[in-house]
Amino acid sequence: MAESDPVARHDLRMPALGLAAWGGGILADRAGERAGWALGGVLAVIVGLGCARWRARSRPADPRRSLLLALLVMAAAVLCGSLLRHDAVRASPLHEWAAQRATADLLATVVSDPRRVEGQWGDHVVVRLRVERVSARGRHLDLGATVVVLGDPAWTGVALGERVVAEGRLAPSDSPDVAALLTTGRAPVRIRSPDVWWRAAGALRASIRDAVAHRPAEQAGLVPALVDGDDAGLPADLEADFRTTGLTHLTAVSGTNLTLVVGALLLLARLIGVRGRWLVLVGILGIVGFVLLARTEPSVLRAAAMGAVGLFAFGPDGRRRGLRALGVALVALMLVQPDLATSAGFALSVLATGGIVLLGPPLSGALARWLPPGLAEAVAVPTAAQLACTPVVAVLSGQVSLVAIVANLLAGPLVGPTTVLGLLAGLVGLVLPTLGTVVGTGAAWCVAGIIEVAQRGAVLPGASLAWGTGPGAIVLLVVVCMALGLILPRLLRSRTLACSLGALLLLVVLGVPGRLGSIPSGGWPPEGWVLVACDVGQGDALVLRVGPGAAVVVDAGPDASAVDGCLDRLDVRELPLVVLTHFHADHVDGLDGVLQGRRVAAIETSPVLDPPSGAEQVRRSAAAAGVDVRTASFGLTRRYGDAVVQVVHPALAEPVPGAGDGSSANDASVVLLVEVRGIRMLLTGDVEPPGQAELARTLAGLDIDVLKVPHHGSAHQDERWLASLSPELALVSVGADNDYGHPAGEVLDHLSAAGTEVLRTDTGGDVAVVVDEAGQVRGASRR
């Protein structure tokens, strides 16, 4: 191969070791309780290869076999390290006491910033502790373990690095690296303040916030988020715009933050004459300082490692050194924190860094032919990172964002000045607060451009293209992205071609719908919608909005394409929960349309597995999509974003088979009581009069605002119970000209006589429940 080809000179052994370490971490997570067997299998292969190498010791070593042996040893090392960590957590007395729900006193150090979380019965605070001493069950032990506290608002004031005493009740944790949860209603007892470096980092974070506090809320919230990941003041609507335009990574601590901060520090050091090893020392101190500022959590350590790799990419011989550094970073992170292996954030960070290392220099070189070098790099870095991350983003969201590409190109040149000026404002503000405010104003001016890009991009019609999440679709997308990575540097050498490509992409974004039916029609969905009954024919499919682009889906209707189209029209991409009230076809046959192209966390079903064919169909669809299925737990109350959801029927603790012919399904429907934005809604599935009578007993005196009429408005109702609920709105999900006579005229008359407004999907299409700014509820229909 020609000497001029830089790829030919790459030594890929270190990146290969990094990938092997990553593979070992993934295997440890996926193997779970069988990880010991997996380790035994890997060690057996290693022993076999070692014996073969020993027998052939008289012959020259085969480099490929030696590399394979090294890769297996690395994977085994990570797998073994993960096993030892998890075994240590399980062997901790805290783990045993948590299973017994014991009360305990802990002497511990705070290792994370407190985070306030909203709950149905009030806010609570989540914070991590590193335990040093524990007293429980009459025993007093010195040990090291991680505990997560769920405390009252008094915990908001604890500082990272502070030593505290906490008292509460232990509970088991689902995280393999957390020994226990501690629920407490008592304030912490503060023993010792944080060390000086933590106090200094806290003062700098506060100074950055103060330097931009005089600016509009969006700017004042975004500058600290860009500099050190402090997103506490970021408005919710701006966060939603960032998600839509693919700019969310800017508000989280990433390798880009570190690269910009440490890069600026190194540039300043060179300007004042620092050279050689002293320059390396400045870089190391900069990385340590950044980690202290952004906190020593796993995501920050990951960002620090990847950011350090990014610094190599734009130095001399950037590709070769950057690839080697990426391999070293992967090995180090997997050995220290193997649980990162299956984190989506880790995968995106590694791919973004790899994209910057491999594609950044050639893209920057091509653009530098007609752009100033600094601007060329500012465009090349986000473009390379976005291109490398696109397949994983498609797996997570089922979409390929076109707005994200344009938005990152436009916002990219402003990220560096904002980050550097924001940090400088904080440093200056520690000494001269007034001057710090002046510098902070400059950072806010820069960030205003990023906000404009996010807000404008969020309302463009062609925000994204639907993309499958199956192996074939993702392999095709990987091939497309690799092809683009190869040809883009050649195309971007020409100003004319580059500008033409940019114009074409803008035309696509402005003119092409991301999914069929995704362009709002007739103002749909209405502003302030909280619940939509989808027009899916003779069946049920309800969409409960819990945040921008996120919803809880209750039933899937009989037609996958119908419910998919409804969710597209509502721009729903994330589903923290899907509830299937029972297993009749008109409620579950459309499940594949719900799952396709969306990120679904869990599916919950009726405990009565009747009819068995419907239950089996749900199980198969969920397994194909990789989604867990569990039984809805009676009485369980949870908050999903804006909504509080409680299961109020049926009162069964364990799954039961039912009649087997579907006859027991309706009355075993999961019934949900929902509170959102000050209104109450009762979602009833197909529950029949016996179940309605049981609800009347368990929820005596229930007063609601919105009722989903049971069983498509059939005549088989407890009309006295329906009237006692006093709903302002009633939704009837029903197919036009159906053979069942739904909805029954007497049921509609009874509701109307009680002053209830009735909305029907057979006459109105998709129908919505809307809550205005004054908290008043009204109905809206798409037709």
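Residues numbered from 1 in each chain as written. Predicted model: local features only at pLDDT ≥ 70, side-chain atom pairs only at ≥ 80, totals over all residues. Heavy atoms only, no water.

*Asks:* I would appreciate a short explanation of the overall build of the protein chain in the present structure.
*Replies:* Helix and strand content of the protein chain: 25 helices and 25 strands. Across the 783 residues that make up the protein chain, the buried fraction comes to 49%. In the protein chain, the share of contacts with a sequence separation of at least 24, taken over all contacts with a separation of at least 6, comes to 70%. As displayed, the protein chain has an accessible area near 35,200 Å², and 60% of this comes from carbon and sulfur atoms. (Helix = DSSP H or I, 4+ residues; strand = E, 2+ residues; numbered from the N terminus. Buried < 20%, exposed > 50% of the residue type's maximum accessible area, 1.4 Å probe, protein only. Contact = heavy atoms within 4.5 Å. Areas by Shrake-Rupley, 256 points an atom, 1.4 Å probe, with all protein chains shown as cover.)

*Asks:* Hey, could you run me through the packing of helix 5 (residues 196–211) against helix 6 (residues 217–228) in this one?
*Replies:* Helix packing for two helices is described by the angle between their axes and how far apart those axes are. Closest axis-to-axis distance for the helix 5/helix 6 pair is 8 Å, and the angle between their directions is 145°. At the point where helix 5 passes helix 6, the crossing takes the right-handed sense. From helix 5, Arg205, Ile208 and Arg209 reach across to helix 6, where they touch Pro224, Val227 and Asp228. Here the contact of helix 5 with helix 6 is composed, by residue class, of 3 nonpolar, no polar and 3 charged. (Axes fitted to C-alpha atoms, helices over the stretch in contact; angles between N-to-C directions. Left-handed = near helix turned anticlockwise from the far one by under 90°. Nonpolar A, V, L, I, M, F, W, Y, C, P; charged D, E, K, R; others polar.)

*Asks:* Quick question: what am I supposed to make of the side chain of His742 here?
*Replies:* On the secondary structure map, His742 appears in the loop between strand 22 (729–732) and helix 24 (745–753). A polar side-chain atom of His742 sits 3.1 Å from a polar atom in the side chain of Gln538. Aside from chain neighbours lying at most four places away, what touches His742 is Gln538, His711, His712, Ser714 and Val734. (Polar contact = N/O pair within 3.5 Å; in protein donor to acceptor, adjacent residues only side chain to side chain.)

*Asks:* Looking at this structure, how should I read the pattern of salt bridges?
*Replies:* Two side chains of opposite charge can pair, provided their charged atoms sit close to one another. Within this structure, the stated rule accounts for 16 salt bridges. With a shortest N-O distance of 2.9 Å, Arg133 and Asp142 are connected by a salt bridge. Members of the salt-bridge network, linked through shared partners, are Asp564, Asp568 and Arg598. (Salt bridge = Lys/Arg side-chain N within 4 Å of Asp/Glu carboxyl O.)

*Asks:* Explanation requested: the environment of Asn666 in the structure shown.
*Replies:* Relative to the elements of secondary structure, Asn666 occurs in the loop between strand 18 (643–649) and strand 19 (671–676). Assessed through its relative accessible area of 9%, Asn666 is described here as buried. If sequence neighbours within four positions are ignored, Asn666 has contacts with His582, His584, Asp686, Val687, Glu688 and His711.

*Asks:* What exactly am I supposed to notice about the packing of helix 12 (residues 344–367) against helix 16 (residues 471–491) here?
*Replies:* Their axes nearest at 8 Å, the elements helix 12 and helix 16 cross at an angle of 25°. In terms of orientation, helix 12 and helix 16 fall into the roughly parallel class. The crossing of helix 12 and helix 16 is left-handed. Side by side, helix 12 and helix 16 meet where Leu359, Pro362, Leu363 and Ala366 of the first sit next to Gly485, Leu488 and Pro489 of the second. Taken together, the residues that form the contact of helix 12 with helix 16 break down as 6 nonpolar, 1 polar and no charged. (Parallel < 35°, antiparallel > 145°, perpendicular 65-115°, else oblique.)

*Asks:* Hey, could you run me through the sheet that holds strand 18 in this one?
*Replies:* Hydrogen bonds between backbone groups are what pair the strands of a sheet, and the pairing can be parallel or antiparallel. Pairing is mixed in the open sheet, where 7 strands are placed in the order 17-18-19-20-21-22-23. Every interior strand has two partners, whereas the edge strands, strand 17 (637–640) and strand 23 (757–760), have only one. Looking at each pair of strands side by side, their axes are set apart by 20° on average, direction ignored. Pairing of strand 19 with strand 20 (residues 679–683) involves 5 bridges; the strand directions are antiparallel. Counted as the bridge partner of Glu675 is Arg680 from strand 20. (Pairing = 2+ DSSP bridges.)

*Asks:* Looking at this structure, I do not really get the nonpolar core. What am I missing?
*Replies:* Here is a general trend for soluble globular proteins: nonpolar side chains tend to be buried in one another's company. Counting residues in each nonpolar core, the largest one holds 33 residues, and the members touching the most others are Val578, Leu591 and Val594. The set of elements that each furnish at least two residues to this core consists of strand 10 (529–533), strand 12 (550–554), helix 18 (560–569), strand 13 (574–580), helix 20 (591–595), helix 21 (612–625) and strand 24 (767–771). The biggest single contributor to this core is helix 18, with 4 residues. Setting aside anything within four residues of it in sequence, one finds Val594 in contact with Val553, Ala556, Val563, Leu567, Leu575 and Val578. If you look at the next biggest cluster of nonpolar residues, it comprises 32 residues, including Ala602, Val670, Val676 and Met681. (Core = buried A, V, L, I, M, F, W, Y, C linked by side-chain atoms within 4.5 Å.)

*Asks:* Any chance you could explain the pairing of strand 4 (residues 139–151) here in plain terms?
*Replies:* Side-chain positions along a regular strand alternate between the two faces of the sheet. The sheet contact formed by strand 3 (residues 124–136) and strand 4 spans 11 bridges and is antiparallel. Pairing of Leu129 across the sheet is with Val147, part of strand 4. Summarising the sheet, strand 4 and strand 6 (residues 180–183) pair through 4 bridges and their orientation is parallel. Along strand 6, the bridge assignment pairs Val149 with Leu182.

*Asks:* Quick question: what am I supposed to make of helix 16 here?
*Replies:* Each α-helix turn comprises 3.6 residues. Residues three or four places apart therefore point the same way. Helix length check: helix 16 (21 residues) gives 30 Å between terminal C-alpha atoms against 30 Å at 1.5 Å per residue, within 8%. Gly485 marks where helix 16 bends most, by close to 30°; the proline Pro489 follows one to four residues later. The complete set of buried residues in helix 16 reads Ile474, Leu477, Cys481, Gly485, Leu488 and Pro489. (Expected span 1.5 Å × (residues − 1). Bend = angle between axes of the 7 residues up to and from the residue.)

*Asks:* How do you make sense of the state of the cysteines when you look at a structure like this?
*Replies:* Note: disulfide means a covalent bond formed between the sulfur atoms of two cysteine side chains. For the structure shown, the criterion picks out 1 disulfide. Note that Cys534 is cross-linked by a disulfide to Cys566, the S-S spacing being 2.1 Å. Sign of the S-S torsion, about -70° for the bond between Cys534 and Cys566, identifies this disulfide as left-handed. Residue Cys534 is located in the loop between strand 10 and strand 11 (542–547), and its partner Cys566 is located in helix 18; the two are separated by 32 residues in the primary sequence. A relative accessible area of 0% means that Cys534 is categorised as buried. (Disulfide = S-S within 2.5 Å.)

*Asks:* Please clarify how the side chain of Ser621 should be interpreted in this entry.
*Replies:* With respect to the secondary-structure elements, Ser621 resides in helix 21. Taking relative accessible area as the criterion, Ser621 reaches 12% and is therefore assigned buried. Within the structure, Ser621 has its side chain in polar contact with the side chain of Asp592 (distance 3.0 Å). Filtering out sequence-adjacent residues up to four positions away, Ser621 remains in contact with Leu591, Asp592 and Leu595.

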